Amino acid sequence: MKIIKDIKVKNNKKIIILDNEEHIEVKSEEYVTDKSNSSSSDSGLLYKKAYELSLKYLSYRDRTIFEVKNYLLKKNYNSATIESVIQKLIENGLLDDNEYTKKFIYYKSSNNNWGEYKIAYELKRKGVDESIIQDNIQNHSFVDYEKLCDLIKSKYQKEYVVDKYKATAKAIAFLQRKGHNYDLSKKIVNCAFLNEENQ
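A. Expanded view of the overall build of the protein. Counting its secondary structure elements, the protein contains 9 helices and 3 strands. On the protein, roughly 11900 Å² of surface is accessible, and the fraction owed to carbon and sulfur atoms is 47%.

B. Region of the structure containing the pattern of salt bridges. Summed over all chains, the structure comprises 8 salt bridges. In this structure, the salt-bridge partner of Lys170 is Glu159, at a minimum N-O distance of 3.0 Å. Remark: Glu159 occurs in helix α7 (residues 145-162) and Lys170 occurs in helix α8 (residues 164-177); sequence separation between them is 11 residues. Three or more residues are tied together by salt bridges with common partners; here these are Arg61, Glu67 and Lys126.

C. Spotlight on unusual backbone geometry. At Asn76, a position not held by glycine, the phi torsion is positive, near 70°. Looking at the element boundaries, Asn76 is found in the loop between α2 (65-74) and α3 (79-91). Although it is not a glycine, Asn113 sits at a positive phi angle of roughly 60°. Note on placement: Asn113 falls in the loop between α4 (97-111) and α5 (116-125).

D. Representation of the confidence of the model for the protein. Overall, the predicted model of the protein reaches an average pLDDT of 84, with 83% of residues at or above 70. The secondary structure element of the protein with the lowest average pLDDT is strand β3 (residues 23-27), at 68, and the one with the highest is α2, at 96. Of the regions scoring below 50 in pLDDT, residues 29-38 engages in 17 contacts with residues more than four places distant in sequence or in other chains.

E. Local environment of the nonpolar core. In this structure, Tyr51, Val68, Leu89 and Leu94 are the most contacted members of the largest nonpolar core, which totals 20 residues. Elements represented by at least two residues in this core include exactly β2 (13-18), α1 (41-60), α2 and α3. A per-element tally of this core places α1 first, with 6 residues. Setting aside residues up to four positions removed in sequence, Val68 forms contacts with Ser54, Tyr57, Leu58, Arg63, Ile86, Leu89 and Leu95. In terms of nonpolar packing, the next biggest core, distinct from the first, is built from 15 residues, Leu148, Ile152, Leu184 and Ile188 among them.

F. Examining the packing of aromatic side chains more closely. Under the definition given, this model contains 6 aromatic pairs. Ring geometry for Tyr100 against Phe104: centres 5.9 Å apart, planes inclined by 20°, an arrangement best described as stacked. Here Tyr100 and its partner Phe104 are both found in helix α4, 4 residues apart, which amounts to about one turn of the helix. Centroid distance Tyr156 to Phe174: 6.1 Å. Interplanar angle 65°. Geometry classified as edge-to-face. Separated by 18 residues along the polypeptide, Tyr156 in helix α7 and Phe174 in helix α8 bring together distant segments of the chain. Pairwise contacts between aromatic rings join Tyr100, Phe104 and Trp114 into one cluster. The residue whose ring lies beneath Arg63 is Tyr57, and the NZ or CZ to ring-centre distance is 3.7 Å. Geometry around Trp114 places Lys108 over its ring, the cationic atom sitting 4.7 Å from the centre.

G. Looking closely at the state of the cysteines. According to the stated counting rule, one finds 1 disulfide in the structure shown. Between the sulfur atoms of Cys149 and its disulfide partner Cys191 the distance amounts to 2.3 Å. On the S-S bond that ties Cys149 to Cys191, the torsion sits near 135°, and the link is right-handed. Placement of the pair is Cys149 in helix α7 and Cys191 in helix α9 (residues 182-198), with a sequence separation of 42 residues. What makes Cys191 partly exposed here is its relative accessible area of 39%.

Thresholds, definitions, all that
Residues numbered from 1 in each chain as written. Predicted model: local features only at pLDDT ≥ 70, side-chain atom pairs only at ≥ 80, totals over all residues. Heavy atoms only, no water. Helix = DSSP H or I, 4+ residues; strand = E, 2+ residues; numbered from the N terminus. Areas by Shrake-Rupley, 256 points an atom, 1.4 Å probe, with all protein chains shown as cover. Salt bridge = Lys/Arg side-chain N within 4 Å of Asp/Glu carboxyl O. pLDDT = per-residue confidence, 0-100. Contact = heavy atoms within 4.5 Å. Core = buried A, V, L, I, M, F, W, Y, C linked by side-chain atoms within 4.5 Å. Buried < 20%, exposed > 50% of the residue type's maximum accessible area, 1.4 Å probe, protein only. Phe/Tyr/Trp six-rings, centres within 6.5 Å; stacked < 30°, edge-to-face > 60°. Lys NZ or Arg CZ within 6 Å of the ring centre and 35° of its normal. Disulfide = S-S within 2.5 Å.

This is the structure we're talking about:
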């Protein structure tokens, strides 16, 4: 998915600058979806405003198709205008739920230590199709055992010395809240506290 870096106006054209320095020029006549069927210039103007609003909304961060649709609905655009804008954004490579899902999975599993359950739940909330979620989850390795063991060790080591059962239960619950299943959480916690047992 392409990320909008900047939007400039020049000679009645919008120039969209993407993160890979690619430029997309959108002429004012492209804002109108089908001029022959347009009963008035109002629908073309409505489309233009909705498209510009969508570009601005996408310039802050990546979004799903569902998020952009909801955003435009909240701005009181009709469904025909919204569908036309969404289609144009998809054609220009600015909206892609599959790419969004890949980036989301990578970021949340690497930086937030989320497991597949929490990631799948959040993607569903963002309106991503179940098949896209499952395909991408199957193609991703979520568990960095060493990183998670170190995280648990640093977070619960002092508690473990005082009360190992309570610390173990808290650590497992912590990992489950991050979206990891019980068995995996238990393995990680056992790995983290293995050295404590041997001392």
